[in-house]
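Tertiary structure, described
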2 protein chains.
Amino acid sequence: MKKVLSIVCLILVLATTVVSAAAKNVFAGNPKEEYYMVTFASGIEYWRGCFKGMQDAAKLFGVRAIYTGAPQADVNQEVTVLEQVIAKKPAGIAITCANPDGLRAPINKAIAAGIPVVTFDADSPNSNRYCYLGTSNYNAGAAAARYIAKLLGGQGEVAVSTVTGQLNHEERKSGFVDTLAKSFPNMKVVAVGNDNNDQTKAATVIAGFLQARPNLKGVFCTDALGGVGAAAAIREANAIGKVKIVSFDTDKGTLDLIKEGVISASIAQGTWSMGYWSMTFLYNIKHNLVKPVDGWRSKDINPLPGVVDTGTNVVTKSNVDAFYSK
Amino acid sequence: MKKVLSIVCLILVLATTVVSAAAKNVFAGNPKEEYYMVTFASGIEYWRGCFKGMQDAAKLFGVRAIYTGAPQADVNQEVTVLEQVIAKKPAGIAITCANPDGLRAPINKAIAAGIPVVTFDADSPNSNRYCYLGTSNYNAGAAAARYIAKLLGGQGEVAVSTVTGQLNHEERKSGFVDTLAKSFPNMKVVAVGNDNNDQTKAATVIAGFLQARPNLKGVFCTDALGGVGAAAAIREANAIGKVKIVSFDTDKGTLDLIKEGVISASIAQGTWSMGYWSMTFLYNIKHNLVKPVDGWRSKDINPLPGVVDTGTNVVTKSNVDAFYSK
């Protein structure tokens, strides 16, 4: 009987050791920890991919990810939502900003209260946020240029349809134009048009290009609706396959046209990565895992990378099925 | 007796459950997993901070980080080292490239063999590496501009000492010049010199500026030796405090001069972050944790962010002690 009891004791001790060893894994969070994602225009499909990435990371850490946002793309409404989230004293906040400076004060307030904040997709660069995670639009345009060059064997006339005057679209255009000029001497951008993020307008713009430029071999559209409009114009002109389209983003309309072979490719943003790494960064700050130097909190030192270009991928017929949202 | 035995059985079952729950934490790696950091000029102090970050992350994951590299800044030597590392079939490789294209073939070979590779500090952009983690030199120059503007109350004449023709230094200079031009209308860059990464040359260049520009209020040096040379010139001219220096990097000489009050500040690169996040990214790939879309491996999709700007911090008298290496 004594022997049995001592075995029981031994097992208990072993079990306790195992439990404390398990508890020691710094990546095992508390299931009660709540991390918020805050957006504007909160119902749009685009954010679903971002939140999926955040949820996937939260699951690995054993913590909770919660989605909220302002229904409209309205900065005041978003400030109100953010204030409500701060009042709940969450473990961390990932926010995309309807306006860079409008969100600055509440972001700084959260951080002053000890709540880690990162921005994703749309930054507030003058706030105290630890990090911004989003697409480098210039690099995204460069990726589009490399892909259209590959499609066309490095030669021919191409055009761009963009949203003139809107920073992210101008950057995509510049990345595209600069990359072709620098790396593909036998390709030429012969026309740039403004589709104003409107499908019908894009169809008109591209129809004009097709008429004016009989040697046109490709079109880069910096916005998804531009791509759908370009597809309509090229179908109308019986030029499917003769004029290649490289579009942007992964709306269902775009993916369907890739599947059909009307759009050759689209540039997918790393929305899942934005959410996954936002969550991972917040967890690392909250659990005090990142320590570039001792006592960084009191020394005005940011322990995280400042900017993450979440990158892009090229969607084509061969991988399009993976990009439909589930 | 039967009762005791059933208790023992129950405890055993519980212990097993705890063990498997512990094993289920996806961030608990196998202590036998080996991740390599590969450098060139492998003895220099700069890499120590990078490897410290990698080691810190490896410790959290319970895996091994191993440092190796080519003794010289020689690309052929580094290729040999990388080939030797690949032959050991490690769990992952973080490499800084002596030459962007010289390392491309062995990096691609490693990835084809299923070994995740990221680059840090110096990239091989045309290779298949999953991610590049390093300082955006343009952003670093912008940070220097914002800090010198703060020091000088947003007005006055400043000069730049740089390494003309070397890309990372030209980018630092451009970030500095552009930021002042855009955001600080009362500041003016009145001179730009080439110190050629040489302390004596820098002292001569800055002495010339001091003579030619009696209203000079500040100097930005894009390299550490330039900063030390500038300090000598300003000391010689009895202008300590009258002309502020913002330098680059955290060599001991620079830190000592900050402590002494001769150099006002220096821009510290995120070396620790390069190592910490390289290790974290490699672990995530190795353990198949990042899944932006199902089956990304067979679909030509990069599951990681493409580029991480590991950021900078401003080192001043108030936080300089934290930057001495231990």
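Criteria and cut-off values
Residues numbered from 1 in each chain as written. Chains lettered and ligands numbered in written order. Predicted model: local features only at pLDDT ≥ 70, side-chain atom pairs only at ≥ 80, totals over all residues. Heavy atoms only, no water. Pairing = 2+ DSSP bridges. Helix = DSSP H or I, 4+ residues; strand = E, 2+ residues; numbered from the N terminus. Axes fitted to C-alpha atoms, helices over the stretch in contact; angles between N-to-C directions. Contact = heavy atoms within 4.5 Å. Buried < 20%, exposed > 50% of the residue type's maximum accessible area, 1.4 Å probe, protein only. Right-handed = clockwise from strand over helix to strand, strands pointing away. Phe/Tyr/Trp six-rings, centres within 6.5 Å; stacked < 30°, edge-to-face > 60°. Lys NZ or Arg CZ within 6 Å of the ring centre and 35° of its normal.

Description of the sheet that holds strand β2 (residues 64-70) of chain A
Across the sheet, 12 strands lie side by side as β2(A)-β1(A)-β3(A)-β4(A)-β5(A)-β11(A)-β11(B)-β5(B)-β4(B)-β3(B)-β1(B)-β2(B); this open sheet has mixed pairing. Two strands bound the open sheet, and with one partner strand each, they are β2 of chain A together with β2 (64-70) of chain B. Taken over all neighbouring pairs, the strand axes of this sheet differ in orientation by 20 degrees on average, direction set aside. Where strand β1 (residues 34-40) of chain B lies against β2(B), 7 bridges are found, and the strand directions are parallel. Each bridged residue has a counterpart across the sheet, and for B:V38 the counterpart in β2(B) is B:T68. Packed on one face of the sheet, helix α4 (residues 104-112) of chain B meets β3 (92-95) and β4 (117-120) of chain B and runs near 145 degrees to β4(B).

Re the pairing of strand β8 (residues 216-221) of chain B
Residue and element names in this part refer to chain B. Most of β8 sits inside the fold, with 5 of its 6 residues counted as buried. Note: strand β6 (residues 156-162) against β8, 5 bridges, orientation parallel. By the bridge assignment, E157 is partnered in β8 with L216. For β8 and strand β9 (residues 244-248), the ladder comprises 3 bridges, and the chain directions are parallel. Each residue of the ladder has a partner; that of V219, found in β9, is I245. The handedness of the β8 to β9 crossover, carried by helix α8 (residues 224-236), is right-handed.

Focus: unusual backbone geometry
All names here are of chain B. One non-glycine residue, A41, lies in the positive phi region at around 45 degrees. Take A41: it is sitting in the loop between β1 and α2 (46-61). Assessed through its relative accessible area of 17%, A41 is described here as buried.

Thoughts on the sheet that holds strand β10 (residues 265-269) of chain B
Residues and elements named next belong to chain B. In spatial order, the strands read β7-β6-β8-β9-β10-β12; together these 6 strands make up an open sheet with mixed pairing. Only two strands of the sheet have a single partner each, and these edge strands are β7 (187-194) and β12 (312-315). Pairwise comparison of adjacent strand axes, ignoring direction, gives a mean angle of 20 degrees for this sheet. As judged from the 7 bridges shared by β6 and β7, these two strands associate in the parallel manner. In the strand pairing of β7, A159 is matched with A191. Contacts from helix α9 (residues 252-260) reach β9, β10 and β12 within the one sheet, and its direction differs from that of β10 by about 145 degrees.

So, the packing of aromatic side chains
All chains considered together, the criterion is met by 25 aromatic pairs over all chains. Relative to B:F27, the ring of A:F27 lies with its centre 5.0 Å away and its plane at 45 degrees, an arrangement referred to as tilted. Taken together, the residues A:F27 in the loop between α1 (2-24) and β1 (34-40) and B:F27 in the loop between α1 (2-24) and β1 connect one chain to another. The ring of A:F248 carries A:R172 above its face, with NZ or CZ at 3.8 Å from the centroid.

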